Amino acid sequence: MTFYLLGTGAAVSVSHRTTTMFVVEEADRLILVDCGGDAFQRMLAVGLDPSKLDAVILTHEHPDHISGYPLLIEKLWLYGRRRPIPVHGPAQTLGVARTLFQAFSTDRWDGLPNREYHDVTLESGSHVLETEHLTITATPVDHPVPTIGLRFEKSAREVLAYSCDTAKSPSVVELARDADVLIHEALSLIHISEPTRL
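The residue count restarts for each chain, going from 1 along the sequence in the order it is written. Residues qualify for local features only when their pLDDT is at least 70, as the model is predicted, and side-chain atom pairs are given and counted only at 80 or more; totals for whole chains, interfaces and linings, by contrast, use all residues. With hydrogens and water excluded, all non-hydrogen atoms of the structure serve as input to the side-chain values.

Concerning the sheet that holds strand β6 (residues 115-119)
- What makes two strands pair is DSSP finding at least two bridges between them. Note on conventions: DSSP H or I runs of at least 4 residues are helices, E runs of at least 2 residues are strands, and numbering of each starts at the N terminus. Pairing is mixed in the open sheet, where six strands are placed in the order β1-β2-β3-β4-β5-β6. The open sheet has two free edges, formed respectively by β1 (2-7) and β6, since each of these has just one partner strand. On average, each strand axis in the sheet is tilted by 20° relative to the strand beside it, whichever way the strands run.
- Inspection of the sheet shows strand β2 (residues 21-26) paired to strand β3 (residues 29-33) by five bridges, in the antiparallel sense. Only the contacting stretch of a helix is used when fitting its axis, a line to C-alpha atoms as for every element, and angles between N-to-C directions run 0 to 180 degrees.

This is how it looks when you write it as structure tokens:
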């Protein structure tokens, strides 16, 4: 299991960073977590083939985690994707994703792949997705809207955890327990009133 950080910035970031999103690669499959920006372009930038995208997981409905979703679908379609695209996330988040995509007229997009939406329940250890070697579960975390942190386990030998947008909480401690890597999203509030070098 390999992961690629496509973005590590906040909703308002400096010029060389974009919003938090990443890809997990396992057995020639790519699983994208969030797409607040141009995830397709970022995949190309790190040398990944977007045609291998197997699933999308949306952790919550805030724009910095989901607003790039319609662009992702359009670019995959233009790239030649025709097979369905599984999209996983909390029900409220998937509702926002549908609304975002439906805001655009796609009647003439011949061959547009279906989006298959899969609700993730807001309970600790909720099932998200399973492949031959990889199990992905979710845990609700503390945020103003329904939000999930994620745990990727490969045959119990490799564990990757993602806190998502959240405050200090016991749920993140459990999510990260015995993980080899924790991607911990943190926000540093910076007021930029004049050009600033970080």
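And the narrative resumes.
Here we look at a nonpolar patch on the surface
- Nonpolar side chains collect at one region of the surface, where Phe3, Leu5 and Val181 lie side by side and expose about 220 Å² of accessible area between them.
- Tracing the chain through its elements places Val181 in strand β11 (residues 181-183).
- Relative accessibility under 20% of the residue-type maximum defines a buried residue, over 50% an exposed one, and the middle range a partly exposed one, all with a 1.4 Å probe and only protein chains included. On the basis of relative accessible area, Val181 is assigned to the partly exposed category, the value being 31%. Patch members must show over 30% relative accessible area and no salt bridge, and they are joined within 9 Å when carrying like charges or within 5 Å when they are nonpolar side chains of Val, Leu, Ile, Met, Phe, Trp or Tyr. In this description, accessible areas are obtained by the Shrake-Rupley approach with a 1.4 Å probe, and a residue is regarded as covered only by the protein chains that are shown. For salt bridges, the criterion is a side-chain nitrogen of Lys or Arg within 4 Å of an Asp or Glu carboxyl oxygen.

Digging into the pairing of strand β8 (residues 134-140)
- In terms of burial, β8 is largely enclosed, as five of its seven residues are buried.
- In terms of strand pairing, strand β7 (residues 126-130) meets β8 through four bridges, oriented antiparallel. Considered in β8, the bridge of Glu130 is made with Thr135.
- Counted along the chain from β7 to the antiparallel partner β8, the turn is three residues long.
- Pairing between β8 and strand β9 (residues 148-154): seven bridges, direction antiparallel. Residue pairing in the sheet places Ile136 in a bridge with Phe152 of β9.

As for the confidence of the model for the protein chain
- Confidence scores per residue from the predictor, reported as pLDDT, run from 0 to 100. Averaged over every residue, the pLDDT of the protein chain is 90; the share at 70 or more is 94%.
- Whether two residues are in contact is decided by their heavy atoms, any of which lying within 4.5 Å being enough. Counting contacts from residues 190-198, a segment whose pLDDT is below 50, to residues more than four positions away or on other chains yields two contacts.

Quick word on helix α4 (residues 91-102)
- In this analysis, the expected span of each helix is defined as 1.5 Å times one less than the number of residues it contains. Counted at 1.5 Å a residue, the expected span for α4 with its twelve residues is 16 Å, and the 16 Å between its end C-alpha atoms agrees.
- Taken together, the buried positions of α4 are occupied by Thr93, Leu94, Ala97 and Phe101. Each buried residue of α4 lies within a common arc of 95° when the element is viewed along its axis, so the set occupies one face. Those residues of α4 that are exposed and aimed more than 90 degrees away from the buried face are Thr99 and Gln102.
- Where α4 is buried, its residues meet α2 (63-66), α3 (69-78), β5 (85-89) and β6. Arc definition: it is the arc formed by the directions from the helix axis to the C-beta atoms.

Considering the pattern of salt bridges
- Across all of its chains, the model carries six salt bridges by this definition.
- In this structure, the salt-bridge partner of Glu153 is Arg151, at a minimum N-O distance of 3.1 Å.
- On the basis of relative accessible area, Arg151 is assigned to the buried category, the value being 13%.
- The partner of Arg177 in a salt bridge is Glu174, and the shortest N-O contact between them spans 2.5 Å.
- Classification of Glu174 by relative accessible area gives partly exposed; the value is 45%.
- Each member of the salt-bridge network shares a partner with another, and the members are Glu26, Arg29 and Asp54.

Points about the pairing of strand β10 (residues 158-162)
- Within β10, four of the five residues are buried, which leaves it mostly tucked inside the rest of the structure.
- Joining the antiparallel neighbours β9 and β10 is a turn of three residues, in which Ser155 adopts a positive phi near 45°.
- As judged from the three bridges shared by β10 and β11, these two strands associate in the parallel manner. When the bridges of β11 are listed, Leu160 appears paired with Val181.

Brief notes about unusual backbone geometry
- Backbone geometry places Ala27, a non-glycine residue, at a positive phi of 50°.
- Looking at the element boundaries, Ala27 is found in the loop between β2 and β3.
- Residue class for Ala27 comes out exposed when judged on its relative accessible area of 51%.
- Notably, Asp34 is not glycine yet its phi reads approximately 65°, a positive angle.
- Within the element layout of this structure, Asp34 appears in the loop between β3 and α1 (39-45).

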